[in-house]
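As a plain string of letters, each chain reads:
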Amino acid sequence: MHPGAGRPYLAIPGPSVMPDRVLRAMHRPAPNIYAGEVVEMMPALVADLRAVARTRQHVAIYIGNGHAAWEAANTNLFSPGDRALSLITGRFGEGWAAGVEALGVAVDRIDFGRSAPVDPDRVEAALRADRDGAIRVVLLTHVDTATSVRNDVAAVRAAIDAAGHPALLAVDCIASLGCDDFRMDDWGVDVMVAASQKGLMTPPGLGFVWLSERALVRSADAARRTPYWDWRPRIAPTEFWQYFGGTAPTHHLYGLREALGMLLHEEGLDAALARHGLLARAVWAAVEAWGAGGSLRCNIAARAQRSHAVTALRIAPPDGDRLRAWCEREAGLTLGIGLGMATPGSPEAGGFFRIGHMGHLNAQMILGALATIEAGLIALDIPHGAGGAAAAARAIAHPDAP
Ligand SMILES: *Cc1c(COP(=O)(O)O)cnc(C)c1O
């Protein structure tokens, strides 16, 4: 018997589940890159990219992944000898800080641990202590995919303002965009980075940097900026190739156009965010029921601090590894590994896993995934409270419950 045969379900936090329509939109011969459809689609595509970030300001597109988007932001923002303040709530915050440091920037880190969000009071205190305003940029991860904590971006902006500090605010929304509410202009964000393969439901290969007018002006003197990474021609190209610093990512553009059309013009962004909120609550309901009779827990205790895109879980090791292996082998469900929570390969590392619930996902998929996890808990004799799948079903049945 092969119960895992059939359509597999990749429930890791990126790449996410992609609509077949997006894949079909990409399946076509190479288009002309000097005239015609791909050239003409750009103004509407750029408008949609602005809309998904809720900004009226600029966006630059890069062929690359999330790391490329980080690099793009970094090289445009910093010069050697600058200072930055990095707010760390998981592995991805550390990754961004390391990239900034590699440019010769002095990075002050505040680490809030692996199970807590940024405390804005500590940010305000750190900025008040920087009397001559040397910190150029505050780096924040909206959702750290490793811990699944969701940080309060507006509160960090308020902390910067309360300190009377001139620092720009740069936010990593690679995990959260399209899943967790984000408002670039309302929240006073200067730079935001994202990539195609998570909430934007498109294969890995595109990175994006949104930037405020203020960021554009302040970064005019960035000393390490090279022509390829320069965001200025990309946000205001006079020729088509300048959007991409070379040949366009033609097929990704078709895929992205389809995905943004579905997200913004068919479902609607607010509805998509509400869907992700509901699916996240179903996950949490199941985990909380299982946790009542065993060691399984959401890594983030408070619901209000959890992402709607991914849920990081803790369980007595090695049951995280056992459960992941069982779900994949016996049911075709691939769960995410723990990341940055323990030394890879150590016994403790088997006590963490993640459920990705970003992208093109609906209630039957998440209910199937949760019932599968429950089957794995039963099959492996892992202690757990009863009724997790039923609790998830109730969450879906009562979508307006908190
Ligand atoms: C996925 C992710 C990244 C890295 O993106 P890559 O495409 O893997 O380079 C960075 N930050 C966050 C928050 C992410 O979720």
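What counts, and where the lines are drawn
Residues numbered from 1 in each chain as written. Predicted model: local features only at pLDDT ≥ 70, side-chain atom pairs only at ≥ 80, totals over all residues. Heavy atoms only, no water. Helix = DSSP H or I, 4+ residues; strand = E, 2+ residues; numbered from the N terminus. Rg over C-alpha atoms; globule rule 2.2 N^0.38 Å. Buried < 20%, exposed > 50% of the residue type's maximum accessible area, 1.4 Å probe, protein only. Lys, Arg positive; Asp, Glu negative; His and termini not counted. Charge placed at Lys NZ, Arg CZ, Asp CG, Glu CD. Axes fitted to C-alpha atoms, helices over the stretch in contact; angles between N-to-C directions. Parallel < 35°, antiparallel > 145°, perpendicular 65-115°, else oblique. Left-handed = near helix turned anticlockwise from the far one by under 90°. Contact = heavy atoms within 4.5 Å. Nonpolar A, V, L, I, M, F, W, Y, C, P; charged D, E, K, R; others polar. Pairing = 2+ DSSP bridges. Salt bridge = Lys/Arg side-chain N within 4 Å of Asp/Glu carboxyl O. Near = heavy atom within 4 Å. Polar contact = N/O pair within 3.5 Å; in protein donor to acceptor, adjacent residues only side chain to side chain. Domains from an automatic or database assignment. Buried area = accessible area lost by both parts, 1.4 Å probe.

## Looking at the overall build of the protein
For the protein, the helix and strand inventory stands at 13 helices and 14 strands. The C-alpha atoms of the protein give 21 Å as radius of gyration, which agrees with the globular expectation for 402 residues (21 Å, within 12%). Structurally, the protein occupies a C-alpha span of about 60 × 55 × 40 Å along its principal axes. In the protein, which comprises 402 residues, the share counted as buried stands at 57%. Side chains of the protein carry 37 positive and 41 negative charges; the gap between the two charge centres is 1 Å.

## Looking at the packing of helix H5 (residues 120-129) against helix H6 (residues 153-162)
Running from N to C, H5 and H6 cross one another at 30 degrees; their axes reach a closest spacing of 8 Å. Taken as axis vectors, H5 and H6 run roughly parallel relative to one another. Crossing angle aside, the handedness with which H5 passes H6 is right-handed. Of the residues in H6, those in contact with Pro 120, Val 123, Glu 124, Leu 127 and Arg 128 of H5 are Ala 155, Val 156, Ala 159, Ile 160 and Ala 162. Residues that form the contact of H5 with H6 fall into these classes: eight nonpolar, no polar and two charged.

## Focus: the pairing of strand E9 (residues 191-195)
Most of E9 is tucked away: five of the five residues are buried. The two faces of E9 match: Val 191, Val 193 and Ala 195 on one face and Met 192 and Ala 194 on the other face are all buried. By the bridge criterion, three bridges tie strand E8 (residues 168-172) to E9 in an arrangement that is parallel. Within the sheet, the bridge partner assigned to Val 171 lies in E9 and is Met 192. Sheet analysis places E9 next to strand E10 (residues 206-211), joined by five bridges and oriented antiparallel. For Ala 194, the partnering residue across the bridge sits in E10 and is Phe 208.

## Observations concerning the packing of helix H10 (residues 269-291) against helix H13 (residues 388-397)
Two numbers describe how H10 lies on H13: the axes approach to 7 Å, and their chain directions differ by 150 degrees. As the angle between them shows, H10 and H13 are arranged roughly antiparallel. For the element pair H10 and H13, the recorded crossing hand is right-handed. Residues Leu 278, Leu 279, Arg 281, Ala 282, Ala 285, Ala 286, Ala 289 and Trp 290 of H10 form the contact with H13, whose own contacting residues are Gly 388, Ala 389, Ala 391, Ala 392, Ala 395 and Ile 396. Residues of the contact of H10 with H13, tallied by class, amount to twelve nonpolar, one polar and one charged.

## Quick notes on the pattern of salt bridges
As enumerated under the stated definition, the model contains 28 salt bridges in all. With a shortest N-O distance of 3.2 Å, Asp 20 and Arg 7 are connected by a salt bridge. On the criterion of sequence distance, the pair formed by Asp 20 in helix H1 (residues 20-26) and Arg 7 in the segment before strand E1 (9-11) is long-range, its members being 13 residues apart. Using a relative accessible area of 36% as the deciding quantity, one classes Asp 20 as partly exposed. Overall, Arg 7 belongs to the exposed group, its relative accessible area being 68%. In this structure, Asp 181 engages Arg 54 in a salt bridge whose closest nitrogen and oxygen atoms are separated by 3.5 Å. Here Asp 181 is found in the loop between E8 and E9, whereas its partner Arg 54 is found in the loop between helix H2 (37-52) and strand E2 (58-63), with 127 residues between them in sequence. Among the ionic contacts, a cluster of salt bridges with common partners joins Arg 54, Asp 181, Arg 183 and Asp 270.

## Remarks on the site of the ligand
Not every one of the 13 residues close to the ligand is listed here, only the nearest: His 67, Thr 145, Asp 172, Gln 197 and Lys 198. Thr 145 is positioned with one of its side-chain polar atoms (N or O) 2.3 Å from an oxygen atom of the ligand. At a separation of 2.7 Å, an oxygen atom of the ligand approaches a polar side-chain atom of Gln 197. Broken down by element, the shell around the ligand gets its largest block of residues, three residues, from helix H3 (residues 66-77). Partitioning the shell around the ligand into residue classes produces five nonpolar, six polar and two charged.

## Structural notes on the domain arrangement of the protein
Many descriptions give the size of an interface as the accessible area lost when the pieces come together. According to the domain assignment, the protein contains domain 1 (3-16 + 268-397) and domain 2 (31-265). In this assembly, domain 1 packs against domain 2 so that about 2400 Å² is buried in total across both faces, 57% of it on carbon and sulfur atoms. For the pair domain 1 and domain 2, the number of links is one salt bridge. Where Arg 54 meets Asp 270, a salt bridge forms, and the shortest distance between an N and an O atom there is 3.0 Å. Where domain 1 meets domain 2, there are 17 residue pairs in polar contact (both at pLDDT 80 or more). Looking at the side of domain 1 that touches domain 2, the elements that each hand over two or more residues are H10 and strand E12 (310-314). The element contributing the most residues to the side of domain 1 that touches domain 2 is H10, with five residues.

## Some points on the environment of Trp 326
With respect to the helices and strands, the residue Trp 326 is situated in helix H11 (residues 319-331). Once the C-alpha coordinates of Trp 326 and Ile 373 are considered, the two residues, 47 residues apart in sequence, prove to be 8.8 Å apart. Not counting residues within four places of it along the chain, the set of residues in contact with Trp 326 comprises Ala 331, Thr 372, Ala 375, Gly 376, Ala 379 and Leu 380.

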